[in-house]
Amino acid sequence: MYTVEIIERVIRNIAHEVRNPLTTIKGYAQLLSQKNEPALIAKSQNMIIEQSERIDTIFTDLYDAFTVTDDDIIECSFPEVFHLVVDESSYREYITIAHNTQFSVLLYKDRLQQCIGSVINGFNWKYFSTASLHLGATKEKNCNVNFSFSGVVLDSIPEDTFYYPFQCKQFFVKGTELFKIYCIAQRSGWQFKFYQADNTFTIEFPI
Amino acid sequence: MNTILEKYYKVLIADDEKGIRDLLKDLLDGSFYVSTVDRGDTIIDELNKNKYDILILDLQMPGKNGIEVLQTIRDLKMDIVVVVITASNDVQLAITSMKLGAYDYLVKPFDTDKLLVILKNIVEKLDLENEVNELREKVGESFRFKNIIGKSPKMQRIFATLERVIDTDSTILIIGESGTGKEIIAKAIHYNSNRKQYPFKSIDCSTIPQDLIGSELFGHEKGAFTGAIARKIGKFEVASKGTLFLDEISNLSFDMQAKLLRVLQEKEFERIGGNEIIKVDTRIVAASNRDIREMVKQGTFREDLYYRLNVVPIYLPPLKERKEDIPLFIDYFLSKFTTEYGRNISLDLQSRLYLTDYHWPGNVRQLENVIKRLVLLSTENVVKLDIVKSVLEFEEYNKPKVKASEVESENVKEAIDKAAMNKINQDVAINATGPVKTLDEIEKEYIEKMLKHFDYNISLTAKAINVSRKTMHNKLKKYNIAIKKTVIEH
Ligand SMILES: Nc1ncnc2c1ncn2[C@@H]1O[C@H](COP(=O)(O)OP(=O)(O)OP(=O)(O)O)[C@@H](O)[C@H]1O
Ligand SMILES: [Mg+2]
């Protein structure tokens, strides 16, 4: 894909996201001038403020997705690195970790932790309450970190190496979670991919 | 009255954005019955479960996207008008959705005014289609509300509205003159709804002293005020899951209006003197014989409460505006009271015609009383017109005078000497008790006398007997009535 094409798609995607709160703001502003029920006036004002804040959040989340920690390549061992993130998470009850393969590699450990956190803390567990996630790592030619979901079908996420900023809104809370991983992968020389048949996300590191 | 309000269409809003759902609901509540869904894959289910007229559809939604929904609607040949809204300005999507049968297409952020215009056009289209259906229905004539009489278009329209909303939780406001059937409609709503196995409770706000209404509605704790010797459970609580009928709501004090509004908004309240919060799921049906809109304008009724109550307004027309129903009422009450009193009584044709044409200031209740009295008083099996008249006269004496506002205000009508008209009415009718006359003969005689009264002014006479001038001319021709004076046409 050409850079301009990517820029165009990204802008289109962000515009789409921003237009919803804009519609609400515009609509309530128009309602304010038409009806004068006290309850509705108060509600309109609340909605306008709330939706303006949402637009701000959209951009905060975007910046956050672009921000990659400045860390060093260090030794990182599996499955310990999973535990570092999962044990801190309030969703650990939904997550299992594979223990059959244990090994160490050199990589940007902080960034990997960010990616793991983005998936497990960003997934919409509240909505998909029957879902669970299995974390595992393999080492052959390359090293693979796998996020396998079950109890939910991630069917609207395409098998791609590129994700739009708000593409995974249906399954993730903010919507920018996968985009964030995509950004980190790009800056770190990793490959990030989704395999629909396995319901699995994979981050691939060269070693 | 207001045609938009009388007809009540159901709109389903499908958008995954809470803000948009809220906005559209606030925008359309009051003009439509509105529901919402937040996922694409629940839309078709919802459309199958409840009858909707209009779907406002966001194209990008989790579960199933809008284009797929449009395809399903087309494949299942569902009878619904779809307006598409989307945050993407991809022209191709617009074309695709129109091809799939969407009625119109709006790009976010859209003007709410634009949406309202689109909806207004849809309402006009649906109104037209319904009129055709109503005509068809008239032949088949089916009503779901047992024991409620009404084949007139006005009543049929009310039944149609009720049918749409009966199983929902929406508040219903019934406006109608005294005796038009507000209470019986309120009961019919409850007993035909899915709340029927729970209580129906009513409270008449005009007869209970205002300082007691609060405790009647919400109950009180022991010792809440002097005289509160035990805990009392209010009607709101007793009717939980059922229906609470607030009769003559226009009599509620301003203070009580505020309290009621709070309960309707929060769906919870506290007993007087108590602090336990009680959640209620009670459907409210309110009634008034005054047009509350007027009271809102005058500042005697809270506007916010009015909007809360007026979710589904039902205007019960005075009986004289649904004359088609009068013969049905006559038969219905005759059979009711003859069975009740074990008598075998019927009415002769002239009596029936007379009753059908009567102006019924006391509406259905008055008609019911008149028939009851006739059944009780008549010494003969077939009731004659003179008896009917004397019973009506008696009724009128015992009824409060018609409200000033109801007296016709049209200039021409004011010019009519009412007494003289009644005299003519009587002359024609009384003569009819002599040798039997045909209806044509009665009509001819009637028109002649009216013409004479109005000095052979055709326009005035036509207005007075409520026919068009064209009809008047036709009648003159038909009965060969000569105009005795130079005709002055206005
Ligand atoms: N459509 C109808 N079908 C059968 N009976 C009716 C109908 N409308 C009214 N009635 C009867 O007429 C009488 C008066 O009706 P109802 O008490 O419901 O009127 P209302 O509008 O509540 O009057 P008010 O304002 O005086 O309280 C009742 O006995 C009721 O059963
Ligand atoms: Mg009543």
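Residues numbered from 1 in each chain as written. Chains lettered and ligands numbered in written order. Predicted model: local features only at pLDDT ≥ 70, side-chain atom pairs only at ≥ 80, totals over all residues. Heavy atoms only, no water.

K.L.:
Just give me the short version of the overall build of chain A, but keep the residues and values in it.
P.N.:
Each helix and strand in chain A was counted, giving 5 helices and 7 strands. Secondary structure elements of chain A, listed N to C terminal, follow the sequence α-α-β-α-β-β-α-β-β-α-β-β. Looking at chain A as a whole, 47% of its 207 residues are labelled buried. Here the analysis covers contacts within chain A between residues at least 6 apart in sequence; of these, 69% occur between residues at least 24 apart. A total accessible area of about 10,500 Å² is found for chain A, and carbon and sulfur atoms account for 52% of it. (Helix = DSSP H or I, 4+ residues; strand = E, 2+ residues; numbered from the N terminus. Buried < 20%, exposed > 50% of the residue type's maximum accessible area, 1.4 Å probe, protein only. Contact = heavy atoms within 4.5 Å. Areas by Shrake-Rupley, 256 points an atom, 1.4 Å probe, with all protein chains shown as cover.)

K.L.:
I'd like a rundown of the overall build of chain B, residues and numbers included.
P.N.:
When you go through chain B residue by residue, the secondary structure sums to 22 helices and 16 strands. For chain B, the residues scored as buried account for 48% of the 490 residues in total. Summarising the internal contacts of chain B: among those between residues at least 6 apart in sequence, 67% fall at separations of at least 24.

K.L.:
Got a sec to walk through the pairing of strand 7 (residues 200-206) of chain A? Specific residues and values, please.
P.N.:
Residues and elements named next belong to chain A. Here strand 7 lies mainly inside the structure; 5 of its 7 residues are buried. In terms of strand pairing, strand 5 (residues 142-150) meets strand 7 through 7 bridges, oriented antiparallel. Opposite C143, over in strand 7, you have F205 as the bridge partner. Summarising the sheet, strand 6 (residues 191-195) and strand 7 pair through 5 bridges and their orientation is antiparallel. By the bridge assignment for strand 7, Q191 is matched with E204. Remark: 4 residues form the turn of the hairpin made by strand 6 and strand 7, two consecutive strands paired antiparallel; N199 in that turn has positive phi of roughly 55 degrees. (Pairing = 2+ DSSP bridges.)

K.L.:
Tell me what's going on with the packing of aromatic side chains, and back it up with residues and numbers.
P.N.:
Residue and element names in this part refer to chain A. The full count for this structure, using the stated rule, is 29 aromatic pairs over all chains. Considering the side-chain rings of F78 and F103, the 5.1 Å spacing of their centres and the 40 degrees angle between planes classify their relative orientation as tilted. Of the two residues, F78 is situated in strand 1 (residues 73-78) and F103 in strand 3 (residues 103-108); the sequence distance between them amounts to 25 residues. In this structure F78 comes out as buried when scored by relative accessible area, which is 2%. Here F123 and F172 contribute two aromatic rings whose centre-to-centre distance is 5.6 Å and whose plane-to-plane angle is 85 degrees, an arrangement assigned as edge-to-face. On the criterion of sequence distance, the pair formed by F123 in the loop between helix 4 (109-122) and strand 4 (132-139) and F172 in the loop between strand 5 and helix 5 (177-188) is long-range, its members being 49 residues apart. With relative accessibility at 1%, the residue F123 sits in the buried group. You can call F172 buried: its relative accessible area is 1%. (Phe/Tyr/Trp six-rings, centres within 6.5 Å; stacked < 30°, edge-to-face > 60°.)

K.L.:
Quick rundown of helix 5 (residues 91-99) of chain B? Include the residues and the values.
P.N.:
Residue and element names in this part refer to chain B. For helix 5, every residue scored as buried is listed here: L93, A94 and S97. An end-on view of helix 5 places all buried positions within 100 degrees of arc, on one side of the element. Among the exposed residues of helix 5, those pointing more than 90 degrees away from its buried face are V91 and K99. Contact partners of the buried residues in helix 5: helix 4 (66-75), strand 4 (81-86) and strand 5 (104-107). At the exit of helix 5 stands G101, carrying a positive phi of roughly 105 degrees. (Arc of directions from axis to C-beta.)

K.L.:
Explain unusual backbone geometry residue by residue, including any values.
P.N.:
With an omega of 0 degrees, the peptide bond running from F78 of chain A to P79 of chain A counts as cis. Along the chain, P79 of chain A turns up in the loop between strand 1 and helix 3 (80-86). Backbone geometry places N199 of chain A, a non-glycine residue, at a positive phi of 55 degrees. Assignment of secondary structure puts N199 of chain A in the loop between strand 6 and strand 7. For N199 of chain A, a relative accessible area of 11% puts it in the buried group. The phi dihedral of K241 of chain B falls on the positive side, at around 70 degrees, and the residue is not glycine.

K.L.:
Residues and numbers for the interface of chain A and chain B, please.
P.N.:
Taken together, the contact pairs 26 residues of chain A with 27 residues of chain B. Surface buried jointly by chain A and chain B totals about 2,300 Å² across both partners, of which 47% is contributed by carbon and sulfur atoms. The tally of links from chain A across to chain B stands at 5 salt bridges. Ionic pairing is found between D26 of chain B and K43 of chain A, a salt bridge with its closest N-O pair at 2.9 Å. For the side of chain A that touches chain B, the secondary structure elements donating two or more residues are helix 1 (3-34) and helix 2 (38-66) of chain A. Ranked by residue count, the leading element in the side of chain A that touches chain B is helix 1 of chain A, at 13 residues. Considered class by class, the residues forming the side of chain A that touches chain B number 8 nonpolar, 10 polar and 8 charged. (Buried area = accessible area lost by both parts, 1.4 Å probe. Salt bridge = Lys/Arg side-chain N within 4 Å of Asp/Glu carboxyl O. Nonpolar A, V, L, I, M, F, W, Y, C, P; charged D, E, K, R; others polar.)

K.L.:
Pulling in residues and values, what's your account of the pattern of salt bridges?
P.N.:
All names here are of chain B. Taken as a whole and judged by the stated rule, the model has 38 salt bridges over all chains. Here E183 makes a salt bridge to K187, at a shortest N to O gap of 3.5 Å. On the criterion of helical spacing, the pair formed by E183 and K187 is a turn pair, its members being 4 residues apart in helix 8 (residues 182-192). Judged by relative accessible area, which is 36%, E183 ranks as partly exposed. Of the residues examined, K187 reaches a relative accessible area of 35% and is grouped as partly exposed. Taking the shortest distance from any N to any O, the salt bridge between R271 and E221 comes out at 2.8 Å. A residue pair is termed long-range when its members are at least 10 positions apart, and R271 in the loop between strand 11 (268-270) and strand 12 (277-279) and E221 in the loop between strand 8 (219-220) and strand 9 (232-233) qualify at 50 residues. Residue classification places R271 among the buried positions, given a relative accessible area of 6%. Within this structure, E221, R231, E237, R271 and E276 form a network of salt bridges that share partners.

K.L.:
Quick rundown of the environment of V34 of chain B? Include the residues and the values.
P.N.:
All names here are of chain B. Position of V34 relative to the elements: it lies in strand 2 (residues 33-37). Placed 25 residues apart in sequence, V34 and Y9 show a C-alpha to C-alpha distance of 8.6 Å. Among residues more than four places away in sequence, those in contact with V34 are V11, I13, K25, L28 and D29.

K.L.:
Can you explain the sheet that holds strand 1 (residues 10-14) of chain B? Please cite residues and give values.
P.N.:
Neighbouring strands of a sheet are bound in pairs by backbone hydrogen bonds; such pairs are parallel or else antiparallel. Residue and element names in this part refer to chain B. Spatial strand order, 2-1-3-4-5: 5 strands in an open sheet with parallel pairing. Bordering the open sheet on either side are strand 2 and strand 5, each of which pairs with just one other strand. The average undirected angle you get between the axes of adjacent strands in this sheet is 20 degrees. Alignment of strand 1 against strand 2, held across 5 bridges, turns out to be parallel. Bridge pairing links K10 to Y33 in strand 2. Of the strands in this sheet, strand 1, strand 2, strand 3 (54-58) and strand 4 touch helix 2 (residues 18-28), which is tilted by about 175 degrees from strand 2. Each of strand 4 and strand 5 is contacted by helix 5, which is oriented at about 155 degrees to strand 5, the strand it contacts most. (Axes fitted to C-alpha atoms, helices over the stretch in contact; angles between N-to-C directions.)

That is the geometry; function is a separate question.
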